Amino acid sequence: MNNLTILVVDDDPVIRRLLEQRLIREQYEVLLAEDGHKGNDLLSTNHIDVVLTDLMMPGEIGGIEVLEFAKELERNIEVILITAHSSVDTAVEAMKKGASDYLQKPINFTELFLRLEKISTMRGLLRSAEDLRQAMDVTESTAAETIQNLEIIAGTLQDQVDSIENILTSDTMMIEDKISKSLNVILNWK
Amino acid sequence: MIKISPAELKTIAQYIQDISGIYLDQSKSYLFETRLSSIAEELGCSSYQELYNKAKKDPGKIIERQIIDAISTNETLFFRDNGPFELLKHKILPEIIDLRTPSSPRLKTNIKIWSAASSTGQELYSVAMTIRDLLGTQIDKFNFKLLGTDISDGAVKQASYGKYNKFEIERGLPRQTLQKHFTLFGGSWKVKDQLRGMVNFRKLNLMLPFTGLGKFDIILCRNVAIYFTLADRKKLFNKLADSLADDGFLIIGSTESLTGICPRFIPKRHLRAIFYQKKN
């Protein structure tokens, strides 16, 4: 089972059904939207890893708007645009806005699955890096607490040693005074 | 990947320590291989001995720089370990500001801060953001001079450019802070000019003398000495003590210790964090 949930946004029912069948066959979780409005609704209410959206759709919400909405919602979401050959320039513009990739129609499924696999691998790597980092943070903060406590104790002890050294090396004190003052330092340290 | 032989490990480990101070455990041969193999291959070397010979003979020291870039760890993020930044905000900056407030409002005093291993700049920019957020418009009363130094040319270059990709940005920076101090630039985020104008980055090898840097009010030297031998750590912190103002502050990594390393510093606690000051 693939671990990605994919939202397909396309106004063409044939392409929607085709994508749905092929993606489900590859064991992806699939959600479908027939326009940008529905797409944005689904984005707001579901956890989605990848958005596969047509660039040109009728209505006020096109592929670019879906991309912007998705990125605003969740910076880590991956958006792949489906474009007609004539709109490649717009697709390149969309890449600058954070789209991960674009596919030209007719959709080459081998290509699509390769890209999805890459996204899946990348997500897995990011996840393990994040896990490692969290484990490191926990270890680090526990170690930091111990080390910092020891550091303060060592500092205090060093101060004591310095004071006692001063007392013992004094030229003006009797040995009895030196001993009693040194003991005082040890016994009455704050 | 080219395999490293035991003899090469010894030569390369010593060479790296000589040029950077970084002490690498010779039992971790994979560390050398993963980090140096591609440089060796690119230069057409079939062994690490050959890479070493080439690096030693390279008059422009370009290979040496590539090796340093590959070997140095640039793991960093904005506001890495929140402790030091809370410490700066609530304790150190207010104290330094009190100490350095000029007698006449027409005078401007310098406040010098040094990030001694600034990597790709996130730490120093985090300090700059902390200062701006704390002082607001009062910032103009002082002349803040923030210096970041690092041994890696690549890191210094990225820090100076102040541009970060989404992965670097997403770690540690709340959205509000991001929008206040950065602008979207292509698919990346660029530090705004007002922040960029407060900082300077340059290359510096902490093993060499610190000439011409002067004295600093605050020094951050976090998680770099851990890569040095004990002897080099002692030398480093002794030099840092020379570079710190008598009433200045030193911040080291949260798991680092100066016990037995530099008796010139005494640890002080503020809430859950520790900083160091020089002994009188």
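Residues numbered from 1 in each chain as written. Chains lettered and ligands numbered in written order. Predicted model: local features only at pLDDT ≥ 70, side-chain atom pairs only at ≥ 80, totals over all residues. Heavy atoms only, no water.

Colleague: Quick question: what am I supposed to make of the overall build of chain B here?
Modeller: When helices and strands are tallied, chain B shows eleven helices and ten strands. Relative to the compact-globule value of 19 Å for 280 residues, chain B shows a C-alpha radius of gyration of 20 Å, a close match. Dimensions of chain B, computed from C-alpha atoms along their principal axes, come out at roughly 65 × 50 × 35 Å. In chain B, the share of contacts with a sequence separation of at least 24, taken over all contacts with a separation of at least 6, comes to 73%. Accessible surface, chain B as shown: approximately 13300 Å² in total, 52% of it carbon and sulfur. (Helix = DSSP H or I, 4+ residues; strand = E, 2+ residues; numbered from the N terminus. Rg over C-alpha atoms; globule rule 2.2 N^0.38 Å. Contact = heavy atoms within 4.5 Å. Areas by Shrake-Rupley, 256 points an atom, 1.4 Å probe, with all protein chains shown as cover.)

Colleague: It is not clear to me how the sheet that holds strand β4 (residues 182–185) of chain B should be interpreted in this structure. Could you clarify?
Modeller: All names here are of chain B. Judged by pairing direction, the sheet is antiparallel, and its three strands sit side by side in the order β3-β5-β4 without closing on themselves. The strands lining the two open edges of the sheet, one partner per strand, are β3 (163–164) and β4. Two elements, β3 and strand β5 (residues 188–191), share two bridges in a ladder whose sense is antiparallel. Considered in β5, the bridge of Tyr164 is made with Trp189. (Pairing = 2+ DSSP bridges.)

Colleague: Please clarify how the pattern of salt bridges should be interpreted in this entry.
Modeller: Pairs may arise between side chains of opposite charge once their charged atoms sit close together. Scanning the model with the defined rule gives 23 salt bridges over all chains in all. Linking Asp242(B) and Arg264(B) is a salt bridge whose minimum nitrogen-to-oxygen distance equals 2.9 Å. Of the two residues, Asp242(B) is situated in helix α11 (residues 230–243) and Arg264(B) in the loop between β8 (244–252) and β9 (265–270); the sequence distance between them amounts to 22 residues. By relative accessible area, which is 43% here, Asp242(B) ends up partly exposed. Accessibility expressed as a relative area gives 31% for Arg264(B), which makes it partly exposed. What you see here is one network of salt bridges that share partners, running through Asp101(A), Glu111(A) and Arg115(A). (Salt bridge = Lys/Arg side-chain N within 4 Å of Asp/Glu carboxyl O. Buried < 20%, exposed > 50% of the residue type's maximum accessible area, 1.4 Å probe, protein only.)

Colleague: Sorry if this is basic, but what is going on with the environment of Glu117(A) here?
Modeller: On the secondary structure map, Glu117(A) appears in helix α5 (residues 109–168). C-alpha separation for the pair Glu117(A) and Leu19(A), spaced 98 residues apart in sequence, amounts to 16 Å.

Colleague: What am I meant to see in the domain arrangement of chain B here?
Modeller: The figure often quoted for interface size is the accessible area lost as the parts come together. All names here are of chain B. By domain assignment, chain B separates into domain 1 (6–71) and domain 2 (83–278). One C-alpha centre belongs to domain 1, the other to domain 2; they are set 30 Å apart. Taken together, the contacts link nine residues of domain 1 with eleven residues of domain 2. Contact between domain 1 and domain 2 buries roughly 790 Å² in total, counting both sides, with carbon and sulfur atoms accounting for 55%. Elements supplying a minimum of two residues to the side of domain 1 that touches domain 2: α1 (6–20) and α4 (62–71). Among the residues making up the side of domain 1 that touches domain 2, the classes are represented as four nonpolar, three polar and two charged. (Domains from an automatic or database assignment. Buried area = accessible area lost by both parts, 1.4 Å probe. Nonpolar A, V, L, I, M, F, W, Y, C, P; charged D, E, K, R; others polar.)

Colleague: I keep staring at the domain arrangement of chain A and nothing clicks. Help me out?
Modeller: Domain boundaries in chain A define domain 1 (5–107) and domain 2 (142–187). If you average the C-alpha positions of domain 1 of chain A and of domain 2 of chain A, the two centres end up 70 Å apart.

Colleague: Explain the confidence of the model for chain B here, please?
Modeller: In regions of low pLDDT, the predicted coordinates are not meant to be interpreted in detail. Chain-level statistics for chain B give a pLDDT mean of 92 and a share of 100% at 70 or above. Element-level mean pLDDT values for chain B span from 80 in helix α8 (residues 166–170) of chain B up to 98 in strand β7 (residues 216–221) of chain B. (pLDDT = per-residue confidence, 0-100.)

Colleague: Please explain helix α2 (residues 29–42) of chain B as it appears in this structure.
Modeller: Three- or four-residue spacings in an α-helix give side chains the same orientation, since the helix completes a turn every 3.6 residues. Residues and elements named next belong to chain B. Along its 14 residues, α2 runs 20 Å from first to last C-alpha, staying within 8% of the 20 Å computed at 1.5 Å per residue. Buried residues in α2 make contact with α1, α3 (48–57) and α4. Immediately beyond the C-terminal end of α2, within one or two residues, lies Gly44, with a positive phi of roughly 75 degrees. (Expected span 1.5 Å × (residues − 1).)

Colleague: What is the right way to look at a nonpolar patch on the surface in this model?
Modeller: Residues and elements named next belong to chain A. Nonpolar side chains collect at one region of the surface, where Ile175, Ile179, Leu183, Ile186 and Leu187 lie side by side and expose about 510 Å² of accessible area between them. Its location among the elements puts Ile186 in helix α6 (residues 175–187). Since its relative accessible area comes to 46%, Ile186 is described here as partly exposed. (Patch = residues over 30% accessible without salt bridge, like charges linked within 9 Å, V, L, I, M, F, W, Y side chains within 5 Å.)

Colleague: It is not clear to me how the nonpolar core should be interpreted in this structure. Could you clarify?
Modeller: In globular proteins that are soluble, nonpolar side chains generally tend to be buried together. Residue and element names in this part refer to chain B. Of all hydrophobic cores here, the largest spans 51 residues; its most connected members are Trp114 and Leu250. For this core, the secondary-structure elements that each account for two or more residues are α1, α2, α3, α4, β7, α11, β8 and β10 (273–278). Sorting elements by how many residues they give to this core places α1 first, with six residues. Lining this core are residues from two domains, each supplying at least three of them: domain 1 (6–71) and domain 2 (83–278). Every residue in contact with Trp114, bar those within four places of it in the chain, is listed here: Leu147, Thr149, Leu204, Leu206, Phe210, Leu213, Phe216, Ile218, Ile219, Leu220, Leu240 and Ser243. Formed by 41 residues, the second largest nonpolar core is a distinct cluster that contains Phe78, Leu88, Phe142 and Phe275. (Core = buried A, V, L, I, M, F, W, Y, C linked by side-chain atoms within 4.5 Å.)

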